[in-house]
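Structure at a glance
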Amino acid sequence: RRRALLVLWDINTQSNEETAGMVRHIYRDLEAADAAALQAGNGEEEILPHCNLQVFTYTCDVGKRENVYLTAERVRKEVGEVSVLVNNAGVVSGHHLLECPDELIERTMMVNCHAHFWTTKAFLPTMLEINHGHIVTVASSLGLFSTAGVEDYCASKFGVVGFHESLSHELKAAEKDGIKTTLVCPYLVDTGMFRGCRIRKEIEPFLPPLKPDYCVKQAMKAILTDQPMICTPRLMYIVTFMKSILPFEAVVCMYRFLGADKCMYPFIAQRKQATNNNEAKNGI
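Every residue gets a number counted from 1 within its own chain, in the order that chain's sequence is written. With pLDDT at 70 or above as the cut-off, local features in this predicted model cover only qualifying residues; side-chain atom pairs require 80 or more to be listed or tallied, and sums for whole chains, interfaces and linings still use all residues. Side-chain descriptors were evaluated using all non-hydrogen atoms of the structure, hydrogens and water having been removed beforehand.

Some details on the side chain of T181
Helix and strand definitions follow DSSP, with helices as H or I runs of at least four residues and strands as E runs of at least two, each counted in order from the N terminus. The topology assignment puts T181 in strand β5 (residues 179–186). The exposure class assigned to T181 is buried, which follows from its relative accessible area of 14%. Looking at T181, its side chain comes within polar contact range of the side chain of S168, at 2.9 Å. If we ignore the near neighbours within four places in the chain, the residues touching T181 are H134, I135, H164, S168, L171, Q227 and P228. The cut-offs for exposure are 20% and 50% of the maximum accessible area for each residue type, with area from a 1.4 Å probe on protein chains only; residues under the lower value are buried, those over the upper are exposed, and the others partly exposed. Whenever two N or O atoms come within 3.5 Å, that pair is a polar contact, provided that in protein one can donate a hydrogen and the other can accept it, and provided that, for residues adjacent in sequence, both atoms are side-chain atoms. In what follows, residue pairs with any heavy atoms lying within 4.5 Å of each other are defined as contacts.

What follows is the structure, encoded as structure tokens:
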């Protein structure tokens, strides 16, 4: 809706095309509105030509370094240089540490953290040359404070927050003021990724899972106003601040009061049950 030319990467080709279909529907609506404004002769803003409203899809496993670099080169040749990079890919294993296969831990780290290095290294050089661009890191509130049972996920998000902050300092030190950075740290988002996650039932009405559209709108506001960081909802700022100043045992007490100490346990139990059902179905 901001009339950006979009390049979408996903490991799942089908879901990527579904997203592209949604984008094309929005573009058609914009084109119809533009045509109506031109016909009425009251268009106050410049109307972008039809060829600018495009979306391109690429199948890419961002956890694999060479796959990222090859796909980035294709984008440069087929579409052009990228001015806004949004790193949003994320996975979760859903196992307690000692029950989690090593390959799933590695996968979580590769997709949630290492991929940010590869995509940034692929597109940052041109941004530096022209001193223009924006790097958006979609992390998580679990990159600012942790909880039990999702050690690999928390470690990956803590890592990517550290990466983003260090990169931001590096750009400032290089006086590349034309390249902006925005760190997005949402609370639990209602996408099904953490289905079953529960906090204390008395607290839940005041801190329900966030709707994806709300998170997107808040992130877009932050990007368009060059906001360095945004936490949603705002209560996350308070939790982060309290975690920073309170002794560890006091943080434990706060977690227990909120029901955040074991909030992932129902989610992990559901994932384990689903895994067992699939194994039984497949005769494993």
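A word on the pattern of salt bridges
Any two side chains of opposite charge can pair, given that their charged atoms come close. Salt bridge, as applied in this entry: a Lys or Arg side-chain nitrogen positioned within 4 Å of an Asp or Glu carboxyl oxygen. In total, this model carries eight salt bridges according to the counting rule given. The salt bridge involving R3 is made with D34; its shortest N-O contact spans 2.9 Å. A residue pair is termed long-range when its members are at least 10 positions apart, and R3 in the segment before β1 (6–10) and D34 in helix α1 (residues 13–40) qualify at 31 residues. A salt bridge links R74 to E78; the shortest N-O distance between them is 3.3 Å. Of this pair, R74 and E78 are both found in helix α2 (residues 65–78), four residues apart, which corresponds to roughly one turn of the helix. E78 sits in the partly exposed class, given a relative accessible area of 47%.

Quick notes on the side chain of H134
Its location among the elements puts H134 in strand β4 (residues 133–138). Those residues in contact with H134 that sit more than four places away from it in its chain are S83, V84, L85, M127, K180, T181, T182, I223 and D226.

Re the packing of aromatic side chains
In summary, the pairing rule links any two rings of Phe, Tyr or Trp, Trp by its six-membered ring, whose centres are within 6.5 Å, and it sorts them by plane angle into stacked for under 30 degrees, edge-to-face for over 60 and tilted for everything else. Applying the stated criterion to the full structure yields five aromatic pairs. Between W9 and F123, the ring centres sit 5.9 Å apart and the planes meet at 55 degrees, which makes this aromatic pair tilted. Here F123 lies in helix α3 (residues 102–130) and W9 lies in strand β1, a separation of 114 residues in the sequence. Here F123 falls in the buried class, since its relative accessible area comes to 5%. Taking the centre distance of 6.3 Å and the plane angle of 55 degrees together, the rings of F117 and W118 count as tilted. Grouping aromatic residues by their ring pairs yields a cluster made of F117, W118 and F163. A ring is scored as having a charge over it whenever the NZ atom of a lysine or the CZ atom of an arginine sits within 6 Å of its centre and within 35 degrees of its normal. Directly above the aromatic system of W118 lies the positively charged group of R65, at a separation of 5.5 Å from the ring centroid.

Thoughts on the domain arrangement of the protein chain
Each domain's limits were defined by an automated method or a database of domain assignments. According to the domain assignment, the protein chain contains domain 1 (1–59) and domain 2 (66–282). Spacing between the C-alpha centres of domain 1 and domain 2 amounts to 27 Å. With eight residues of domain 1 in contact, the opposing surface of domain 2 contributes 12 residues. Buried surface area refers to the total accessible area, computed with a probe of radius 1.4 Å, that the two partners give up upon joining, counted for both partners together. Of the roughly 770 Å² buried at the junction of domain 1 and domain 2 (both faces included), carbon and sulfur atoms supply 76%. Contact with domain 2 buries area across many residues of domain 1, yet R2, W9 and Y58 alone supply 70% of it, more than any other trio. Joining domain 1 to domain 2, the criterion identifies zero salt bridges. The tally of links between domain 1 and domain 2 comes to one residue pair in polar contact (both at pLDDT 80 or more). Elements that contribute at least two residues to the side of domain 1 that touches domain 2 include exactly β1 and β2 (55–59). Broken down by element, the residue count for the side of domain 1 that touches domain 2 peaks at three residues, all from β2. Under the convention adopted here, Pro, Cys and the residues Ala, Val, Leu, Ile, Met, Phe, Trp and Tyr are nonpolar, Asp, Glu, Lys and Arg are charged, and Gly plus all remaining residues are polar. For the side of domain 1 that touches domain 2, the class distribution of residues is six nonpolar, one polar and one charged.

Some remarks on the packing of α2 against α3
Here an angle of 0 to 180 degrees is reported between the N-to-C directions of two axes, which are lines fitted to C-alpha atoms, with helices fitted over the stretch in contact. Following both chains from N to C, one finds α2 and α3 inclined at 30 degrees, their axes separated by 9 Å at the closest point. Regarding the angle of α2 to α3, the classification is roughly parallel. Handedness of the crossing formed by α2 with α3: right-handed. On α3, the residues that touch R65, V68, Y69, A72 and R76 of α2 are W118, T119, K121, A122 and F123. Residue composition of the contact of α2 with α3, by class: six nonpolar, one polar and three charged. Roughly parallel covers angles under 35 degrees, roughly antiparallel covers those over 145, roughly perpendicular covers 65 to 115, and oblique covers all other angles. Handedness of a helix crossing follows the sense of rotation of the near helix relative to the far helix, less than a right angle counterclockwise being left-handed and clockwise being right-handed.

Quick notes on α3
Helices are assigned an expected span. That span is 1.5 Å times one less than the residue count. In this model α3 runs 42 Å from its N-terminal to its C-terminal C-alpha over 29 residues, within 8% of the 42 Å that 1.5 Å per residue would give. The term bend refers to the angle at a residue between two fitted axes, each drawn through seven residues, those ending there and those starting there. At H114, α3 shows its maximal bend, which comes to roughly 45 degrees. Residue N131 follows α3 closely and has a positive phi angle near 50 degrees.

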